[in-house]
Amino acid sequence: MELDIDGKHYFCETRDITRPFPSRMPLENPDDEFVWNGWFSMPFRSIGLPYHCVTLLQGFAECRNFGSLGQVEGIVALTARRSRLHPGTRYLARGLNSCFSTGNEVECEQLVWVPKKAGQSVPFNTYIWRRGTIPIWWGAELKLMAAEAEIYVSDRDPYKGSAQYFHRLSKRYDARNLDASVGGNQRKNGSVPIFCMNLLRNGQGKSESILVQHFVECINYIRSIKKLPSTRIHLINYDWHASTKLKGEQQTIEELWTLLEHPTTSIGISEGDYLPSRQRTKDCWGEVIYNNDFEGAFCLRSHQNGVIRYNCADSLDRTNAASYFGALQVFVEQCRRLGISLDSDRAYSYQSPDNYSGYTAPLPPGWEKKSDAVTGKAFYVDHNTKTTTWTHPCPDKPWKRFDMNFDEFRRSTILSPVSQLADLFLLAGDIHATLYTGSKAMHSQILSIFNEEAGTFKQYSQNLKITLQRRYQNAVVDSSRQKQLEMFLGSRLFKHLPSIPVQPLSVLSRPSGFFLKPVANIFPDCDGGASLLSFKKKDVIWVCPQADVVELLVYLAEPCHVCQLLVTISHGADDSTYPSTVDVRTGQDLDSLKLVVEGANIPMCAKGTNLLIPLPGPISAEDMAITGAGARLHSQDASTLSLLYDFEEVEGELDFLTRVVALTFYPALSERSLVTLGEIEILGACLPWSGAFIGEGCGAKLIEFSKKSQKESNPFMSNPESNPFSGSCLSNDNVLPSDERGISGNQFVDLLTVRDTFNEPPSHPLAENVTYDGDDLLDFLDQAVVEYHGAENDGKIFPEAEKTLANGNQQYISHLKYLAGADLRKRLDFREAMELEIERLQLNLSAADRDRALLSVGIDPASINPNLLLGESYMNRLCRIANSLALLGQASLEDRITAAIGLENTDNTIIDFWNITGLREKCLGGMCEVHAETEVAATPFSTVSSASSQLSLLCSQCERKVCKVCCAGKGALLLMSYISRDPPSYGGVQSQGGSNHGGQVDVSTNRLTAIDGIICKRCCKGTVLDALMLDYIRVLTSLRRSARAGDAAYTALYQVMGSSLRDYPSERNRYSDPKRAVIVKRQLLKGEESLAEFPFASLLHSVPTAVGSASSLSLLAPLTFGSQHSYWKAPASATSVELVIALGTLSDVSGVIMLVSPCGYSAADAPSVQIWASNKIQKEERSCMGKWDIQSLIASSSEFYGQEKLAGENKVPRHIRFAFRNPVRCRIIWIKNPFSQLNRRASFGGSTESEPCIHARRILVVGSMVKKETELSQGSDQINLRNLTDRVPQFNRFKVPIEAERLMDNDLTLEQYLSPLSPLIAGFRLDAFSAIKPRVTHSPLPDAYTQDALSLMDERYISPAVLHIQVSALQDSHKMVTVGEYQLPEAKPGTAMYFDFHRKIQARRVTFRLLGDVTAFVDDPAEQEDPNFRTSLVAAGLSLSNRIKLYHYDADQYDRGKWPNFSAV
């Protein structure tokens, strides 16, 4: 990024400066409109470091001292805050955008104060104005041969958002309700005045005149809709350029002052004092402002009410000049009110009251008027200096210089302060011009008009240079600068950084992860494999001795759901020493390891290559056998791509308590050989355990969300009002009065059951379903997991199978009967299949559950797969439109969130983004004039629409009354403009990039992404309605994935917290006091550290637990969590329990503390305790630390018997300390609790008097952590390793020449034809693909779940996309033989990866076929030269063209002469 930040941004570390001075808000609550680094600072805020990054503002801030006779009488500061709501460059950010803000919008503030000594009150006053482009939808297009850009105004809703823009200004500058006295000539106003000083050219034939006309119409429109009753908008048109040309600069300035006199005096200025001590606030007779950011307080006696807004076409040169001369008049008045006289002649300074018709001037701050007791003459007391005078300190008339002409102003005013102010405006003008255009400001010589030193010729040549510079910047550089601005703000990241996850994974294998078993090495002096997990040793080469396999057991630093394995290829000259495949098993402990990935291929690559292997959760073997089985039955030889969505998604198990990862590497060579390993990283998603235990931050939100997900089976369907696009989209113009609305209807709507009512029918016939013989289907079902018995498959329902269906499956079959008939003989078309899938997802059924239900009633799942029911051309078009809808929807959501800044939220629409509702909901007439959903046969399943869905709305296209059922979703409005290929180019220049998964979509911040209005289904094209349905299915699929993550999070929380989770937070507040727990913990530890607290420590083996007991992990939970009455206990049948605790880091352990359970021990029921310590998991390596008999320990104390009494304040709970004789350095502690005798009476924790029970409340391992491990020096082993790894490889790879090759199936299949004399093929080289996995694949989820569910983990990790490449060979027998199928790791694009076949082959033709989740990948928009060129939906980055080369090994120098065309691969 080359964004220029220096000199154009500023910050304050002590006070909030995003609001007018002085701000009433604390530093940590800035105004988001002016915060430019909010996205960059978000990671720091999320980890509890809110002050690590200051609040960065863009614009200008500087001050100047001024005075006379060498004395500083006052200080003037000019601050300019640029709004971030419409960022961009000159021709890419003009007029309004969807966030209700204008381009180059700046808030300016002029602050003047009198410097005082320490401890004295400081008087000050402020004046605020705005500047920006015309607040309507307009743009300008550069013409290469034209001197000026062509200005145009949108012909569709050009004033959309103008009222919201002025409403934001009105709210910010409304001072009517502030608690301040009104003094002087300021009076309270009943409204907020906003004066717009329009400086555009208005002459005949001028290009800007169209903007002037529309600006007038815009103001009239805002007044007519009456949405701003308390705001008065006044428009003042003043052609600055024409006046300057005809009348000269001086007269232009005089006329400007005449126009500004009434607005300036009407809004006034803000005045007050800074009080060093808050004790003085009792004498303040205005508004008092103070907070913890600063000492003292502010006392505001008067407030500016309203604002003046300046604008020209670009809010640049003319705007800066006009605002300067307007601020100059205010500056003189500010000085006068502070007692600073800028009069150069006494003739202008002192006037008797009679000259102003009895006018009495207000006193400066700290002054008081009194009368002499003897003479009655008035005198004045200056409390600031404790002096008196007979003369009024400030007798001048306010705003008197508005009555002067230019010459009078210059003669009567001390010009040095004026020059200081002009310098500030010159600098500010250059800053704003540079940020907007890339060049300095033009025509700035008028600001130096009081100096008369600027040369005309010099200014002309400089203006010409700036003009040429701006033209180059706008034509060449602006698109790049626009992208940089959006990335800096974190806007449109789905376009600029399409593959970067919002919630990145954590590296859990470091820094405190370790190997549970030592990793063998051929050199004796080694660190046991620790360097393989260290990021400090990227070039490590670990040489394992000859073995069949190499097994690594990794203990992770925190519990997580494991998502990825990252391996670094590290070897010498012979890359065949690196392993070829790896198996991955994960689990909560060593006893629960499950296979996640089997035989993941690790190709031979160059040293230092990083390979990423996705890790899905453990998948049920039954689901693998069922899901997609029917769909694959009759298409074994056909490669079917799920272009629409993943119809056969197999769901893996999610476990956020995974702690152990077992990696099994297999060597590349079949014979026993050395194996080299490089750095290994394990990445996963963690839960915020720390916050969950103390009930703060993300942890508390996680608990509430997980509990909510358990209560609601499908909260998305139960709460339709939680849609992110249900903002202020339903205007009053689209809703008819209540007496015109229908009375029938239903709150659920069926969006896409339209049969022949589309404006544009599909341009292709729908693909017909294929019928199958009953014998074939039955043969397949005999091999499936789900079986049924009965007669031949005649389409009837099998009663036995129907009885075994769960409730959700029964409802699903019921919906299927509704669509296919009671006998299930009717073939479903595309839209019916999509409707059925929506019902399946709403019932929260997985693909495996669906296939079980279908197979049980004799239905082939392939027959209802929407991916197989469309023609190729229409499917390509539909997918492209749906992908575009996803980007447009994401942009619309971003803009809606940004637009809410400074405005209240007004979500009141009843039409959401998709408007997809129940399967059986139809329009039954009433007041609806569209009747788009009436073609429905009378069936016993039909339902009657409710009155709420029959509320009559107005279609914005045909202007007919339409019910909710016949309305299309809000997303249709976005798609209609996209499909028409005539979107409003409000920004002037089309976006330079954007990923639309095959086509270009303009989602830049200057585009119109608002979705106001209503559109009926008859006004929508068929592809639009189909795309809405497809996008809705993708959203529901994503929601299901998020719900699975939520369920897994709740399961993990419950396994650790137990019953405390159900009662959270009431139980925590009742039994847990964090401050008390800290004191108790400190007393328990006695200056030592707790080394075995969850989540950093965990149990390495499963622990038997009794029913109703707290979980075994609760033994390691922090003391700050959990009920005092909760404890763990073993089953009554357990006579011995062993706890194997892995510590958080290598530590020097001095002992173990066991907190006694609330039930206590009985006289004859106390187990013995044995403790061992070790660094690895092998029992033979552990060291015994001692054996303790609890019965003998507690014999002398009665406090351990019976129920525990209520603990007093800060009382240490009952505990037993097992102290070691000497501290031991270790990572693993073994604690065994056997009973001494089996015939003992039960403890109080037992269920009966005859049951023994082992129990405990907490286990604390105490000692000190090892701060830094000592690295072992390998000495001569480094030399031996270098000699070993630098050996020349035995074989060299050479290319096998091919005669021809052919690409098929969207370039996913490659056939290579070889000569009969070709050598034996040893393998193939594959260059890594350049396609990416996009983050945005559908429209946004509802707000309530976008912020919670997705924050757990990215859905791409919940269901990771994996690619495979299948290799087949045609041999002499003219039979295709599958050579192998290889799971492909992810690598940097273009990385050369070598795959050896299991055996060398001789073939005439070799076929490569790319399989797996192909449709989950798209092309990187940054790499696309012409995004509109490619028509296929399959990413070009997955093409096998010029990506695969066959090779053979040449071991004999003599054989090289036989192949003249060989080359190294």
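For the structure itself, consult the block above.
Below, the structure is looked at part by part. If you're wondering where the values come from, they're calculated on a predicted model, not measured in any experiment.

### Concerning the environment of Gly-969
Thought 1: Summarising the element assignment, Gly-969 is placed in the loop between β28 (961–962) and α22 (971–979).
Thought 2: Along the sequence, Gly-969 and Phe-913 sit 56 residues apart, while their C-alpha atoms lie 4.7 Å from each other.

### Some thoughts on the nonpolar core
Thought 1: Within the largest apolar cluster, 146 residues are counted, with the highest numbers of intra-cluster contacts made by Phe-1324, Phe-1408 and Leu-1438.
Thought 2: Dropping the residues within four chain positions of it, Phe-1408 is found in contact with Leu-1308, Thr-1309, Leu-1310, Gln-1312, Phe-1324, Ile-1365, Gln-1366, Val-1367, Leu-1440, Ile-1444 and Leu-1446.
Thought 3: Formed by 70 residues, the second largest nonpolar core is a distinct cluster that contains Leu-1116, Ala-1134, Ile-1231 and Leu-1352.

### Side note on the sheet that holds strand β43 (residues 1376–1384)
Thought 1: Taken together, the five strands give an open sheet; going across it, the order is β39-β40-β45-β42-β43, and neighbouring strands pair in antiparallel fashion. Since the sheet does not close on itself, it has two edges, and those belong to β39 (1298–1304) and β43, each with one partner. On average, each strand axis in the sheet is tilted by 15 degrees relative to the strand beside it, whichever way the strands run.
Thought 2: With eight bridges connecting them, strand β42 (residues 1363–1370) and strand β45 (residues 1405–1412) associate as antiparallel partners. Within β45, the position partnered with Leu-1370 by the bridge is Arg-1405.

### Looking at the sheet that holds strand β41 (residues 1321–1327)
Thought 1: If you walk across this open sheet you meet the four strands as β38-β46-β41-β44, and the pairing is antiparallel. Of all the strands in the sheet, just β38 (1292–1295) and β44 (1392–1401) have a single pairing partner and so form its edges. Put simply, the sheet's adjacent strands are angled 35 degrees from each other on average, direction ignored.
Thought 2: Relative to β44, β41 is paired through six bridges, and the arrangement is antiparallel. Residue pairing in the sheet places Asp-1327 in a bridge with Ala-1392 of β44.

### Regarding helix α20 (residues 847–856)
Thought 1: Counting buried residues along α20, nine of its ten residues qualify, which places the element largely inside the surrounding structure.
Thought 2: If you check which residues of α20 are buried, you get Ala-847, Ala-848, Arg-850, Asp-851, Arg-852, Ala-853, Leu-854, Leu-855 and Ser-856.
Thought 3: A positive backbone phi angle near 80 degrees is found at Gly-858, which sits one or two residues after α20.

Rules of the game
Here, residues in each chain are numbered from 1, in the same order as that chain's written sequence. Only residues with pLDDT of at least 70 get local features here, since the model is predicted, and only at 80 or more are side-chain atom pairs given and counted; chain-wide, interface and lining totals rely on the full set of residues. For the side-chain quantities, the full set of heavy atoms in the structure was used; hydrogens and water were omitted. Secondary structure elements follow DSSP: runs of H or I no shorter than four residues count as helices, runs of E no shorter than two count as strands, and numbering proceeds from the N terminus. To qualify as a nonpolar core, a set must consist of buried Ala, Val, Leu, Ile, Met, Phe, Trp, Tyr and Cys residues joined through side-chain atoms within 4.5 Å. When a residue's accessible area, from a 1.4 Å probe over protein chains only, is under 20% of the maximum for its type it is buried; when over 50% it is exposed; and in between it is partly exposed. Whether two residues touch is decided by their heavy atoms; if any such pair falls within 4.5 Å, the residues are in contact. A pair of strands counts as paired when DSSP detects no fewer than two bridges linking them. The axes are straight lines fitted to the C-alpha atoms, using for helices just the contacting stretch, and the angles between their N-to-C directions are given from 0 to 180°.

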